[in-house]
Amino acid sequence: MNRRCLSFALGLWALTTSAFAGDWPQILGPTRNGIAQNESLSERWPEKGPKVAWTKKVGDGFAGVSVAGGKAIVFHRIDNDEVVEAVDPATGKPLWKASWETGYRPSFTNDAGPRVVPLIHQDSIYLFGAGGVLACVQLGSGKIVWKRDLLSEFKTRRPKKGEPPEGYFGFGSSPLIVGNKLLLNVGDDDNEAGIAAFDLKTGATLWKSTTERASYSSPILAEMDKKPIVIFATRLKILGVEPETGKVLFEHPFGRLGPAVTAANPVVIGKQFFITASYGFGAAFHDLSQPGAPELWNSDEVLSSQYTTSIVHEGHLFGLHGRQDIGNAELRCVDPVRRLVKWKQTDFGYASLILADSKLLVLKTDGEALLAPISTTAFKPTAKASLCKDTARALPALSNGRLYVRDSSLLQCFELPGR
């Protein structure tokens, strides 16, 4: 990321959430784009891999860990309860626990746990469960401040019998904080509450907008015409929304009905933004400097990622092309302006990505981790280790030299060697 883009990202970060050096307070880290701040990583790991600091058994769920305020926050399901826990980041020692009952039953997977990374802001944690419970708990104590059952309160679309469900995996879009508001793709297509804003302190609904169905993609804050704008990739559209009022500033078709999902987050590249999916509708590149954010190109051949959000570095995109469930995905570096694939690693497998200390940290779903200097010319790993025995679908987190990795049954904290 060049200096101008970094300054812009940090300015938007200051508007959305509070975090300190080394924190990982939300999905994809402090600036919500997979880029860690103030981390120092050695290019090499010990022969047996990074040291395990601690491990913790976990229940159902694909929610990654968030870290801030001297606490690592774990969100998972145990029996019929969604459980949020705080543990000591260095030792894994339990600090507090809170829970609420859930009736969610999956339709396409055996995993019935939450999918959304906890969102830490100041002294509160915001959680969104797979069954639609949106809650706020105190960071210091775990006391529940407020809680709402959005599936009951809003008429989110339920699939008919025999129909591919809109929510294969339950609710999975992470809310975004802008000012005093929590913005979320709720998906109520009957009451113009496809997107809604909630008061941070009380949970009260502040505004409702659109009839857009929900996706698994999480919104991001950007800038358009020198004003803040929130970009949503919903079930069937890309929207630019005014965060204060919910007014739609632009919309473009993206996605399709049937067995398809949109799960990667939009990413900003200078004055453009990029959104990617798979399932035949591919990826799109848009211009935020023009009214209506017109589409610059749309292609299924450049960088179509089933759910991994691409990393932006020096105007290039680093991401996964392909799907985890069909074939074998490629790791690619792409110049989005020229629609040019700079390099690719074929038969790579699926993975999540973090950029830290000018290095690309890759966690593959089979549990293998790789570290490589980030480069637009080649992918040359300098470190490799097997970290998990089971499938690792949850997003990893990197905070103060500790890598948090969750597979289907175990959360592990690894100490990564510093420079």
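Quick note: structure is the one above.
K.L.:
Describe the overall build of the chain, listing the residues and the values that go with them.
P.N.:
Each helix and strand in the chain was counted, giving two helices and 32 strands. When its C-alpha atoms are laid out on the principal axes, the chain stretches across 55 × 50 × 45 Å. Within the chain, contacts between residues at least 6 apart in sequence are counted, and of these 52% link residues at least 24 apart. For the chain, the computed accessible surface area is about 16800 Å², with 48% contributed by carbon and sulfur atoms. Averaging the positions of the 48 positive and the 43 negative side-chain charges in the chain gives two centres separated by 2 Å.

K.L.:
Mind laying out the packing of aromatic side chains, listing which residues take part and the relevant values?
P.N.:
Throughout the structure, instances matching the rule amount to 13 aromatic pairs. Arranged with centres 6.3 Å apart and planes meeting at 90 degrees, the rings of Phe154 and Phe198 form a pair that is edge-to-face. Taken together, the positions of Phe154 in the loop between helix 2 (150-153) and strand 10 (176-178) and Phe198 in strand 12 (residues 195-199) put the pair 44 residues apart, joining distant regions of the chain. Neither Phe154 nor Phe198 differs from the other in exposure class; each is buried. Look at Phe285 and Trp297: their rings are 5.8 Å apart centre to centre, the planes differ by 35 degrees, and that puts the pair in the tilted class. With Phe285 in strand 20 (residues 283-287) and Trp297 in strand 21 (residues 295-299), this residue pair connects regions lying 12 residues apart in the sequence. Side by side, Phe285 and Trp297 carry an identical accessibility label, which is buried. Put simply, the rings of Phe318, Trp343, Phe348 and Phe379 pair up and form one aromatic cluster.

K.L.:
How would you explain the pairing of strand 23 (residues 316-321) if you had to name every residue and give the values?
P.N.:
Every other side chain in a regular strand lies on the same face of the sheet, so the side chains alternate between the two faces. Counting buried positions over the six residues of strand 23 gives six, a clear majority of the element. Here three bridges tie strand 22 (residues 311-313) to strand 23, and the two strands are oriented antiparallel to one another. Looking at strand 23, one finds that Val312 is bridged to Leu317. In this sheet, strand 24 (residues 330-335) lies alongside strand 23 in antiparallel orientation, the contact comprising five bridges. Directly across from Leu320, in strand 24, lies its bridge partner Leu331.

K.L.:
Can you explain the sheet that holds strand 17 (residues 248-253)? Please cite residues and give values.
P.N.:
Taken in spatial order, the four strands make up an open sheet running 14-15-16-17, and their pairing is antiparallel. With partners counted over all chains shown, the strands left at the sheet margins are strand 14 (220-224) and strand 17, one partner each. Within this sheet the neighbouring strands show an average axis-to-axis angle of 25 degrees, counted without direction.

K.L.:
Tell me about the pattern of salt bridges, and name the residues and values.
P.N.:
One pass over the full model with this rule turns up 12 salt bridges. Residue Lys359 is joined to Asp357 by a salt bridge in which the shortest nitrogen-to-oxygen separation is 3.1 Å. The exposure class of Lys359 is buried, given its relative accessible area of 7%. In this structure, Lys364 and Glu368 form a salt bridge, with 3.2 Å as the shortest nitrogen-oxygen distance. For Lys364, a relative accessible area of 10% corresponds to the buried category. Through salt bridges that share partners, Glu212, Lys237 and Glu251 make up one connected network.

K.L.:
Just give me the short version of the environment of Thr377, but keep the residues and values in it.
P.N.:
Tracing the sequence through the fold places Thr377 in the loop between strand 28 (368-373) and strand 29 (383-386). The exposed category is assigned to Thr377, whose relative accessible area is 65%. Measuring from C-alpha to C-alpha, the distance between Thr377 and Val248 comes to 39 Å, with 129 residues separating the pair along the chain. Separated by 2.8 Å, the side chains of Thr377 and Ser375 make a polar contact.

K.L.:
Tell me about the side chain of Lys71, and please be specific about residues and values.
P.N.:
Within the secondary structure, Lys71 sits in strand 3 (residues 71-78). In this structure Lys71 is buried but unpaired, with Asp88 as the nearest side chain of opposite charge at 8.7 Å. Look past the residues within four positions of Lys71 in its chain and what remains in contact with it is Ser66, Ala86, Val87, Pro89, Leu95, Trp96, Leu139 and Gly140.

K.L.:
Provide a residue-level description of the pairing of strand 17, including the pertinent values.
P.N.:
With five bridges connecting them, strand 16 (residues 237-241) and strand 17 associate as antiparallel partners. From the neighbouring strand, Gly240 faces strand 17, where its bridge partner is Phe250. The turn joining strand 16 and strand 17, which pair antiparallel and follow one another in sequence, is formed by six residues; a positive phi near 85 degrees is taken by Gly246.

K.L.:
Could you give me a rundown of the state of the cysteines, with the residues and numbers involved?
P.N.:
Summed over all chains, the structure comprises zero disulfides. In this structure Cys413 is not part of a disulfide, and its nearest cysteine sulfur, from Cys388, lies 12 Å away. Overall, the relative accessible area of 0% leaves Cys413 in the buried class.

K.L.:
Which residues make up the sheet that holds strand 18 (residues 267-269), and what values go with them?
P.N.:
Spatially, four strands are ordered 18-19-20-21 in an open sheet, and the strand pairing comes out antiparallel. Two strands lie at the open edges of the sheet, namely strand 18 and strand 21, each paired on one side alone. Within this sheet the neighbouring strands show an average axis-to-axis angle of 20 degrees, counted without direction. As defined by bridge partners, strand 20 adjoins strand 21 across four bridges and the pair is classed as antiparallel. Bridged to His286 within strand 21 is Glu295.

Each value, and the rule that gives it
- Residues numbered from 1 in each chain as written.
- Predicted model: local features only at pLDDT ≥ 70, side-chain atom pairs only at ≥ 80, totals over all residues.
- Heavy atoms only, no water.
- Helix = DSSP H or I, 4+ residues; strand = E, 2+ residues; numbered from the N terminus.
- Contact = heavy atoms within 4.5 Å.
- Areas by Shrake-Rupley, 256 points an atom, 1.4 Å probe, with all protein chains shown as cover.
- Lys, Arg positive; Asp, Glu negative; His and termini not counted.
- Charge placed at Lys NZ, Arg CZ, Asp CG, Glu CD.
- Phe/Tyr/Trp six-rings, centres within 6.5 Å; stacked < 30°, edge-to-face > 60°.
- Buried < 20%, exposed > 50% of the residue type's maximum accessible area, 1.4 Å probe, protein only.
- Pairing = 2+ DSSP bridges.
- Axes fitted to C-alpha atoms, helices over the stretch in contact; angles between N-to-C directions.
- Salt bridge = Lys/Arg side-chain N within 4 Å of Asp/Glu carboxyl O.
- Polar contact = N/O pair within 3.5 Å; in protein donor to acceptor, adjacent residues only side chain to side chain.
- Disulfide = S-S within 2.5 Å.

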